[in-house]
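# Structural description and commentary
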Amino acid sequence: QVQLVESGGGLVQPGGSLRLSCAASGSIFSTNLMGWYRQAPGKQRELVATVTSVGKTNYAGSVKGRFSISRGNAKNTVYLQMNSLKPEDTAVYYCNADVVTVTLSRGDYWGQGTQVTVSS
């Protein structure tokens, strides 16, 4: 099976920074698109940013210029550097990965989520 484990959330003041990490492990042959989504209380889950296996990125308009997504050298890891954080960035952040397993089945996997709270 495949597991995604996130880390790096927490409480930060407006204008501050946080870096989220996500590591995929298990019976992985390759990871394709990886990304971050978030869900604020009472709202639907929304895309934050994605990155392909060759490093092509895509960002939600609300975070463009403030957040940066990248893949780790191990390729099964993804990071989200969040700068100039705003209270409206407060949400549970979820890691997502499009994975091909060693049995060559393809699936969409999610992490358990990490809380980011931006407040003074």
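Residues numbered from 1 in each chain as written. Predicted model: local features only at pLDDT ≥ 70, side-chain atom pairs only at ≥ 80, totals over all residues. Heavy atoms only, no water.

Among the nonpolar cores identified, the biggest contains 31 residues, and Trp36, Leu80, Met82 and Tyr93 are the most heavily contacted of them. When residues of this core are traced back to their parent elements, those giving at least two are strand S1 (2-7), strand S3 (18-26), strand S4 (28-39), strand S5 (46-51), strand S7 (67-71), strand S8 (77-82), strand S9 (91-101) and strand S11 (114-118). With five residues, S9 is the largest single contributor of residues to this core. Contact partners of Met82, with chain neighbours within four places excluded, come to Gly16, Ser17, Leu18, Leu20, Arg66, Phe67, Tyr93 and Val116. (Core = buried A, V, L, I, M, F, W, Y, C linked by side-chain atoms within 4.5 Å. Buried < 20%, exposed > 50% of the residue type's maximum accessible area, 1.4 Å probe, protein only. Helix = DSSP H or I, 4+ residues; strand = E, 2+ residues; numbered from the N terminus. Contact = heavy atoms within 4.5 Å.)

Here we come to the environment of Tyr94. For Tyr94, the location among the structural elements is in strand S9. It is 13 Å that separates the C-alpha atoms of Tyr94 and Arg19, two residues lying 75 residues apart in sequence.

Bringing the pattern of salt bridges into the picture now. A full pass over the atoms with the stated rule returns four salt bridges. A salt bridge links Glu46 to Arg38; the shortest N-O distance between them is 2.7 Å. Since its relative accessible area comes to 36%, Glu46 is described here as partly exposed. Its salt-bridge partner being Arg66, residue Asp89 comes within 2.8 Å of it at the nearest N-O pair. Here the residue Asp89 occupies a position in the loop between S8 and S9, and Arg66 occupies one in the loop between strand S6 (57-59) and S7, the gap between them amounting to 23 residues. For Asp89, a relative accessible area of 1% gives the class buried. Overlapping salt bridges, with partners in common, bring together Arg38, Glu46, Arg66 and Asp89 in one network. (Salt bridge = Lys/Arg side-chain N within 4 Å of Asp/Glu carboxyl O.)

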